[in-house]
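So the chains spell out like this:
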Amino acid sequence: MDTTSHKTPLLERSGFNKLLILTAAATWGLSFVVMKDLVDKLPVFYLLSVRYTLATLVMVWASRRKLASALRSTRTIKLGLLMGVLNFAAYAVQTMGLSLTTPGKNSFFTGCYCVMVPFAVWAIVHTRPTIRHVVAGVICVAGIGLIAADGEVGLNAGDLLTLVGAVFYAIQFACLNRWGSGADSVVVTTLEFIVMTVASVAITLVFEQGYVPTMPTLADVGALAFLVLVCSCFDFWAFNHGMMRVDPAEGSILSALEAPFGVAASAMLYGERVTLRLLLGFTLIFVAIVVSEAGGELLRRIKGNTLDVA
């Protein structure tokens, strides 16, 4: 009897870590519908202020034992501040886009950052994208084109803002690729949340000062708790922890399921109408994400299996 799996700690088991990544993808996909409901009621930056103030408090508590010593590192501070600025720009533009479009389209256009990352890395790290990255980019553009050509749905200002947000996410990942090696992810995430909180509160005080908060409903409190505890704190940890312990190709495909989860949640809970052309466009974008994230590894496995059979 094989007792290896029983000796391996749960947090180190491949199957459990795949489940962590899948859970993060599913809950991030669902979060687009939850956010849509809230941005229809609250100003964008007020919502971000509350969300990231609470998330910061949770992360500061979680990293309290190593935060002080980690802050002695200028490199960690700089990386955390940079990630905070980029993530704030991405979330702010993405959330403004969500207020003008549907959760399903917002989730898929956000997912386009996966295809953009190799080109952002090229600009920052000077590592050229491979042929598969170029192919993925072409497929992604074709998918966006199909959606734009849909007479019933088409592209709107919210979709374009979402794509701008995806560009910021791609730049963020490229910067992590360049300067993130060896950094403590929990501390960097905490600093990131602090920057996002300060920026959101500042913009709220300047541009949304006319808004008078009302008593939130129980549903609003539940939605905010879901965004803070699950989507901001747990999912960041689950994704980072899982991706470091599973096969990169499998992990990337699991994380790419965020977009289909977002569309499914939007169709079932928000009532988003998915036309055939819109569905084809989403499919092409999803294929582009998989090709960009895991295409190289999948090709190597296919070739290896072919040689084994031969």
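Residues numbered from 1 in each chain as written. Predicted model: local features only at pLDDT ≥ 70, side-chain atom pairs only at ≥ 80, totals over all residues. Heavy atoms only, no water.

**Considering the side chain of Q172**
As for its placement among the helices and strands, Q172 is situated in helix α9 (residues 157–179). For Q172, a relative accessible area of 6% corresponds to the buried category. Residues contacting Q172, with those up to four places away along its chain left out, are M83, L86, N87 and E192. (Helix = DSSP H or I, 4+ residues; strand = E, 2+ residues; numbered from the N terminus. Buried < 20%, exposed > 50% of the residue type's maximum accessible area, 1.4 Å probe, protein only. Contact = heavy atoms within 4.5 Å.)

**Describing the packing of aromatic side chains**
Applying the stated criterion across every chain yields a total of 10 aromatic pairs. A ring pair is formed by F108 and F282, whose centres lie 4.4 Å apart and whose planes are at 10°; its orientation type is stacked. Linking F108 in helix α6 (residues 103–111) with F282 in helix α14 (residues 276–309), this pair joins segments that are 174 residues apart in sequence. Put simply, the rings of Y52, Y91, Y113, Y169, F173 and F193 pair up and form one aromatic cluster. (Phe/Tyr/Trp six-rings, centres within 6.5 Å; stacked < 30°, edge-to-face > 60°.)

**Description of the nonpolar core**
The nonpolar side chains of a soluble globular protein tend to be buried with one another. The biggest cluster of nonpolar side chains holds 56 residues, and the ones touching the most others in it are Y52, F109, C112, I144, F193, L227 and I285. The element contributing the most residues to this core is helix α11 (residues 218–243), with nine residues. The residues touching I285, leaving out its near neighbours within four places in the chain, are F108, F109, C112, C140, G143, I144 and I147. (Core = buried A, V, L, I, M, F, W, Y, C linked by side-chain atoms within 4.5 Å.)

**Considerations on the environment of S200**
Considering the arrangement of structural elements, one finds S200 in helix α10 (residues 185–207). In the structure, S200 is positioned 108 residues away from A92 in sequence and 8.5 Å away in space, judged by C-alpha atoms.

**Side note on unusual backbone geometry**
With phi around 65°, H126 is a residue other than glycine that occupies positive phi space. Following the sequence through the fold, H126 ends up in the loop between α7 (113–125) and α8 (131–148). Judged by its relative accessible area of 64%, H126 is exposed.

**Here we look at the layout of surface pockets**
In this structure, the second largest pocket occupies an estimated 330 Å³ of space. Residue lining of the second largest pocket: 14 residues in total, with M59, V186, C233, F236 and W237 positioned closest to the centre. Of all elements in the fold, only α3 (44–62), α10 and α11 reach the threshold of two or more residues within the lining of the second largest pocket. Per-element tally for the lining of the second largest pocket: the top contributor is α11, with six residues. Per-class residue counts for the lining of the second largest pocket are nine nonpolar, four polar and one charged. (1 Å grid on protein atoms, 1.4 Å probe; cavity = no way out; pocket = protein on both sides within 12 Å on 5 of 7 lines; lining within 4 Å. Points joined across faces, edges and corners; volume = space filled by probe spheres on them. Nonpolar A, V, L, I, M, F, W, Y, C, P; charged D, E, K, R; others polar.)

**Brief notes about the packing of helix α2 (residues 14–39) against α6**
One way to put it is that α2 packs onto α6 with a least axis distance of 9 Å and a crossing angle of 125°. Taken as axis vectors, α2 and α6 run oblique relative to one another. Taken as a pair, α2 and α6 cross one another with a handedness that is right-handed. From α2, F32, V33 and K36 reach across to α6, where they touch P103, N106, S107 and T110. (Axes fitted to C-alpha atoms, helices over the stretch in contact; angles between N-to-C directions. Parallel < 35°, antiparallel > 145°, perpendicular 65-115°, else oblique. Left-handed = near helix turned anticlockwise from the far one by under 90°.)

**What to know about a nonpolar patch on the surface**
Together, V201, L205, V206 and F207 make up an exposed nonpolar region whose accessible area comes to about 420 Å². When you line up the elements, L205 lands in helix α10. (Patch = residues over 30% accessible without salt bridge, like charges linked within 9 Å, V, L, I, M, F, W, Y side chains within 5 Å. Areas by Shrake-Rupley, 256 points an atom, 1.4 Å probe, with all protein chains shown as cover. Salt bridge = Lys/Arg side-chain N within 4 Å of Asp/Glu carboxyl O.)

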